[in-house]
Every structure is written in structure tokens, then in C-alpha cells.
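Residues per chain, in single letters:
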Amino acid sequence: MTDVDLRTSILRHLTYSLGSDADHATQHDWRIALSLAVRDRLIENWHAASRATRAVGAKRVYYLSMEFLIGRLLEDAIVNLRLEDEAQQALTGLGLDPVAVIQDEPDAALGNGGLGRLAACFMESLSTLGVPAFGYGIRYEHGLFRQSFEEGRQIETAEDWLTQYHAWEFERRDVRFKMCFGGEVVEEGGKPVWHGQEAVMAQAYDTPVIGWRGRWANTLRLWSAQPLHGFDLDRFNRGEYAAAAEPEALARTISRVLYPDDTTEQGKELRLKQEYFFTAASLRDILRRFEAEGGALTDLPKRAAIQLNDTHPAIAGPELVRLLHDEREMPLDQAIATARGCLSYTNHTLMPEALERWSEDLMTSLLPRHMQLIERIDAAHAAEQPSRSVSLTGDGEVRMGELAFVMAHKVNGVSALHTDLMKKTVFAELHRLHPDRIVNETNGVTPRRWLLSANPRLSGLITRTIGEGWVDDLEQLERLEPSLTDPAFLDAYAAAKRANKADLADWLAAEHGVQVDPDAMFDVQIKRIHEYKRQHLNILEAIALWRDIKANPQGNWVPRVKIFAGKAAPGYFFAKEIIRLINDVAAVINSDPETNRYLKVIFLPNYNVSLAERLIPASDLSEQISTAGKEASGTGNMKFALNGAPTIGTLDGANVEIRDRVGARNFFLFGMTADEVEARRAVPEHAAQAIAADPRLSGALMEISRGTFSRRDRHRYRGVVANLSGADYFLVCSDFTAYWDAQRRADAAFADADAWRRMAACNTARSGWFSSDRTIRGYMADIWDVVAVRSGLDEAMQPPG
Ligand code: GPW
């Protein structure tokens, strides 16, 4: 199928794979036909990669993650296979609109936010670098919910990407494992044996992940839960029609839906089942592969690096010990050491409400053997420490962070600041016991999706200026440095940004009925809604600015469009109040004729990867305003910097490293440091003090209190105001004045168009370090001890000439 041109292949698939006729084909049919035609071009490379891995006996990386926020796959594959021109010609030749066909694909939202998107960027970088790897996760039937607004309030509806034909996956009927839950542990022949009570089948589905230029492809293997025995014919014949289908429904709940909580722990039984289900199936698969290739079990760490993406797969520790010790008779100490040699753990937050703890009762009833092994692991670890100060259990709970730490040979944080705080706070005691275990691997993003593909105007300019090498060697962006003083380059740079903004303005008008001026500053905050991320700080500033403009409408105001997008966890009441407040404020401000030349506020519904790809290239200012010490890293911050949107931000997460690289003059810093935050919280009445000291802040809060934005329900935001003027745990009030001042510095900078475009271009030129290729190289050297493999396709895939 790869010997024909793309157009022929599309038509063949339309006819023979879909059974559709070009005269009647829908956009969906064409999109599937194109996907299959593109897919054909990567299968051989995919197979070549796994053959090459087996041929040299290479060590593989296994990335275990509850979330893979991969977004759309077709455009990624087209770009990485360098098929843009051919696809464009084929589609226009067939009378189709290429953009519409590509945008017909639903977003695969198998994740909540940063953690899931990081996993997706890592998979792409692993393939680009030619590192043999599998991603392991859950094939959720329903990804993250769809968000809409009703009178400003968030409404959630089920997402159903899998109701459409999924062109990118292959069901592996030969790769299925039986997974057990519950039951009991009994002594048999002097050995403990676990007899599960409930069982489901884990069925593998594979999606190829193609790297840059198609030189290498790895596999994302997602598990779907299926009943062991499908349909109960006896019950059906007895007339119990619904009951006959029960086993099926029960088993399938495990992979039915993604938990929509981001950085908050719920402790739900189904969640623990999901975690064990995919982790245990993945380990079974890893051991099967290892055993098929041959070798002593104690050599497993030489062939398998298993990365735990947060504690969600932390049950891998006891499960791998169980597989080695109970099922393969390795002595316990050796089993623990062997498991530790394979496992490593990434921590993504220090917030106490996000650290997983499972009740010992639940653990005992669902995974009785694992509970015993956790106690054995705990005892073995306690024997190593004279002080016995760390325990894996306590208060009737199993501490998954501690378990993951103890079972890992390396533990990493995701930015320099976060890693430093890990050593000083949550893992202080474990760090003292194991001083070499914690390492830092600052996050990164894939430049293929987040610059090359999302921002063709800017990436075209970069390639014309420094050649194409930057695409898989992002630090080459430094070579733009001499151009930062070249007026012709800066003109072209500004023109690309202006055109992106004009496109966004057109889309906002067409899809959301809002008019914005493309010459205004596009000030963008897009991420999950959370108090620590402080969207309410941003909207308070908007209210204060609106009041200032109204007080002086003839002033020299810099026009701004404030754009928000993001979902709130359905059970997170305060976050939903913030959404509603922003929508209420937007309605008042946008319809105020006195101010709406200068200020607009827009909350876009249903934030997802595709919307991020649309917004980031068109942004001027990147809002990264979390309370210092709370955002482990952030990755959106990197995407904005790369696309030429300077940051207004706190010294938090990777913001610190972004500022170090782009230069303090090209970053609008404000607010307390992590240390100052701790000190400030101890000041009695800190919020009341801050409010009394700043009339803009008190004015904005007064406006909310008196119902300016909720006229028919004046007390709607009583709770929000009480929180902000009372405990204000995230110190919104204490950082307000500094934030206001930083915003005015941003205004002044933006008003000087020449200075601004230089600042924007500096952000692009100096963000090359934030490639996920660099991050993956760090994991390879510091944690995994793996090397890249060549597939032999390197030359074959070079473009002619
Ligand atoms: F709580 N992150 C996330 F640490 O998106 F598990 N979801 C989560 O559940 C957690 C963390 C968890 C994010 C961090 O908030 C963000 O700062 C970081 O950039 C991202 O993970 C990737 O490391």
C-alpha cells in the first residue's frame, strides 16, 4: 500500500476499507480514508523499530501513566512523516478542505491536564530520539468530560470519542491477561497463594507513536477491561435479558471513564481498581516479553526501565515483587532489589490533597496479598534505617508516595524548584536516608506539535532564518540571536504573530460571536481551574482595570483581550464559582460601551489540546500566576514562551528556569517567593491588611460584593469574597498589588511595539532548552540507563536531495 501516491491510497481506502463511494462520502469518511492512507506509511517503520530493538537486545523504557492526553493524531502523523504537501495536494485535488478534514478528528482526551500531556510529549520525544519504549495506560471509553456554560455555570457532558471509528489503534487479540481482585490469601505447600474473587480480562489496544521524520515508532498500549465470559446464555434463555448482560457491564466499568479530578485525591474504590488493573496488566506484559527473549530474572533491570508517572501506578512495587517472589520463587529480598532496579517514580505535586493514600481496609479487601507485601517491604526498609522514622502505613492508610519512593531506585521532581522543595518538605526524611535517590528532570514540550505544527507561520520564518535543524535540536533556536536586532526579521516575526491573532479574531467572531481587535494585547490564561493557579487573581485585576478605565475614559489605555479557558473538577465547588464569576464579569464588561474598546474578557468553553494549539500561537502575554511553591512545573508556560508570548508570572515551578533563560527583562515577574509565602501565611489578618492597603483591590471586591456582576442575585459571590478576605490560603490579596504593577509594566512594554516584538522574539530564541527531547535525554542518562537504537531506516527516510 505504500507504493502508491497518497491520493490513490486515500481513494482505495475510501472504496475498499470503508466501502464508501466518492460521490457520497462524508467528511468523516474522507478523514478516515486519509488516516488509513497515512497510517500505511508508518507501519513498516513501526515494525522495523521493534525488530531492531530485539536484534540488539536493547533495554526498553516502559512509561506507566493513568493519563495520555494525546489530542488529535492525524496531523501529528502527517507532520512527522513530512506528508504536508502531498496531503494538501491530494485533498484539494479531491475537492476537500484540508483544514476541515484534519479538524474533523475528535480530541483524544485521555487525561486531565499537564500530567497527561507530559506523558504524550514524552512518547513523541522517545520516538524522535529512537529510544525503544512502550507507553502503558487505560483505554477509557469516555475521556475528560465536555464543558459548556449555562448562565455562566459549567455544565459537564460525557465525552465519547470512541463512538467514532478509531483509525489509529490495533486490537491485539493475542495480548490479554486475566486480572483478579479481592478474595483471600491461603497457605498452600508452605507458600501464600492469592485466590482472587473477581476477575476481568485486560485486552491490549496498540497505537503507533511516530517520531520526527518517521525514523522510529514506538507503541502506546492501552488496556480495555472486558468480561471473562461474555454473555450469560442460560440467564437469557430463562428470560432474564438485562441480567444476561450484567457481567459485561460490570467488567467494563473499570475502563469506562477517566476520573476528572486533577491534583485532588478522592480515594474511590473504582480508582484503585483502575490503577491496579492497568499496572498489573502492563507488568504481566513486560515479564512475558522479557521471558520470551530469554535471560535470568535478576537481569530484568538491564532490560526494563519502568517509569511510574506519579503514584497512580505505585502498586507496581508490590505487584512486581509478587510476580517475582510468589509466582517465580525469587527470594523476597532479591525480588525487592530486582523490582527497585527497574522502577523509578516521578512526583508531580507537593500539595497534601493530591498525595494518594489508600485505606488499609480497602487495600486488604481488594488486594490482600499486596497489603501483606507492603508490610514486608515496609519491614525490610525499616530494618535499613536505625531511626525507623519512615513508615509506609499509618493512621490506617497506605502512603503511596512513600511506597513509590522506597520501591524506586530514582525519584524525580519536574522542575528545579519543585525538586528542591521535595527534598525539604514531603520527602525530607526519605531524602536523608537515601540522599542520592532524588534527581531533577525539568519538564519539556515537543517542538513538533507545539511549534512546527501549531504555528506554521513562525516555524516557517525560523526555518527560513536558521534552517530546519531546530526541529529535533531545539537549542539551535539560539542561532536566532543575531536576528533579534535585524529589523527585517523582527518585522516578519511581528507579522506572523499579527496574522495568527487575526485568524483567532476571525474564529472568535465566527464560533463565539465576540468581536476583538487583533491589535489589542491578547492576555491568555489557559489551564485547569484551581485556587492555587489563581484565575481569581486575574479576574480581580480585570475588575480593577475596568474601574480605572471608567474613572478616566480619556486615559491612554492599552487595549486588552483577556482570554480564559479551562475545566473545573465537577466536585470542586470553589473552582466552579470562579468560572461563573469570570463569565459574569465578562458579560458586564464586554457590554460596557465606555470601556469595551479597551477591555474584553472571554471564557472559552471546553478547553482541550486542540484549543491550546489554536490559542498559544496567537497569544501576547502568558499568565503563569500560581502561588509560589504550588505549581510543580507547568508546561503551558514553556509553550507560550516558545511561541513568543512573554510571561507574567511568579517564581514558581519552571517559571524560574524560563526567566533564567529568556532574561529578566523579557519576563514580568511579580509576587512573593515560596519562602515569603510561608512567612506571609503566618501573619494574622494578612488578607484584610492587603485589602486595606490597596483601594483598587478593595474596590474590586466591593464591586463583586454589591452584586455588580450578579444583579438578580446580589449575594451570589458572598462565599468567594469571604474566602478572599478571610483565610485566603493562596494569598490572592497579598500578591494583588504586585500583580497589578506587573500588568502595568506589561502595558507600557506592549505600547512600544518595537520593544515588544524584540521581547517576544527573545522568548522564542531562548526557549530551546524546554524541548521534551532534552528532558528525555536527562531521564535516559540519570534514571533509565538506556541508549537510542537505530532502525536502519534513517537513510531511507531522509528526504531526497
Ligand atoms: F497531582 N499535575 C497534573 F501531581 O496535571 F498528580 N495532574 C495531577 O494530578 C498532578 C500534577 C498530581 C501537573 C502539575 O500540576 C504541573 O505543575 C506539572 O507541570 C505537570 O503535572 C507535569 O509534570
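Keep in mind that what you see is a predicted model, and the values were worked out from it rather than measured.

Rules behind the numbers
- Residues numbered from 1 in each chain as written.
- Predicted model: local features only at pLDDT ≥ 70, side-chain atom pairs only at ≥ 80, totals over all residues.
- Heavy atoms only, no water.
- Pairing = 2+ DSSP bridges.
- Helix = DSSP H or I, 4+ residues; strand = E, 2+ residues; numbered from the N terminus.
- Contact = heavy atoms within 4.5 Å.
- Axes fitted to C-alpha atoms, helices over the stretch in contact; angles between N-to-C directions.
- Core = buried A, V, L, I, M, F, W, Y, C linked by side-chain atoms within 4.5 Å.
- Buried < 20%, exposed > 50% of the residue type's maximum accessible area, 1.4 Å probe, protein only.
- Expected span 1.5 Å × (residues − 1).
- Salt bridge = Lys/Arg side-chain N within 4 Å of Asp/Glu carboxyl O.

### Structural notes on the sheet that holds strand β19 (residues 521-526)
Right, on to step 1. Ordered by their spatial adjacency, 6 strands build an open sheet running β21-β20-β19-β22-β23-β24, and the pairing between neighbours is parallel. For this open sheet the edge positions go to β21 (599-604) and β24 (668-669), each flanked by a neighbour on one side alone.
Right, on to step 2. Where helix α21 (residues 487-512) meets the sheet, its contacts fall on β19, β20 (560-565) and β21, and the angle it forms with β21 comes to roughly 70°.
Right, on to step 3. Against the sheet, helix α22 (residues 535-551) touches β19, β20, β21 and β22 (621-624), its axis set at about 155° to β20.

### A word on the nonpolar core
The tendency in soluble globular proteins is for nonpolar side chains to be buried as a group.
Right, on to step 1. Grouped together as the largest cluster of nonpolar side chains are 196 residues, with contacts concentrated most on I10, W223, F277, I306, M363 and W784.
Right, on to step 2. With 58 residues, the next largest nonpolar core counts F564, A575, I579 and Y739 among its residues.

### Digging into unusual backbone geometry
Right, on to step 1. Even without being glycine, E151 reaches a positive phi, approximately 50°.
Right, on to step 2. Within the element layout of this structure, E151 appears in the loop between β5 (146-150) and β6 (153-157).
Right, on to step 3. For L731, which is not glycine, the phi torsion reads 60° and is therefore positive.
Right, on to step 4. If you trace the backbone, L731 turns up in the loop between α30 (718-725) and α31 (732-751).
Right, on to step 5. A relative accessible area of 0% means that L731 is categorised as buried.

### Describing the sheet that holds strand β10 (residues 198-210)
Right, on to step 1. Overall, mixed pairing links the 9 strands, which are arranged β7-β10-β11-β4-β1-β12-β13-β17-β18 in an open sheet. With one partner strand each, in any of the chains shown, β7 (170-181) and β18 (438-440) form the two edges of the open sheet. When strand polarity is set aside, the average angle formed by the axes of neighbouring strands in this sheet is 25°.
Right, on to step 2. Those strands touched by helix α13 (residues 332-342) are β12 (304-309) and β13 (343-346), and its axis lies near 50° from that of β13.

### Description of α22
Right, on to step 1. Between its first and last C-alpha, α22 extends 25 Å over 17 residues, near the 24 Å set by a 1.5 Å rise per residue.
Right, on to step 2. With 14 of 17 residues buried, α22 lies mostly within the body of the structure.

### Observations concerning the pattern of salt bridges
Right, on to step 1. Using the criterion set out here, one finds 57 salt bridges in the structure.
Right, on to step 2. Of the charged contacts in the structure, one is a salt bridge between K533 and E631, with a shortest N-O distance of 2.8 Å. Here K533, found in the loop between β19 and α22, pairs with E631, found in the loop between β22 and α25 (636-642); they are 98 residues apart in sequence, far enough to count as distant.
Right, on to step 3. We note a salt bridge from R757 to D754, for which the minimum N-O separation is 3.6 Å. Linking R757 with D754, this pair stays in helix α32 (residues 753-765), spanning 3 residues, or about one helical turn.
Right, on to step 4. Taking the relative accessible area as the measure of exposure, R757 reaches 17% and is therefore buried.
Right, on to step 5. When salt bridges that share partners are traced, they join D523, E541, R560, K562, E623, R744 and D747 into one network.

Without other data, these values stay purely geometric and don't point to any function.
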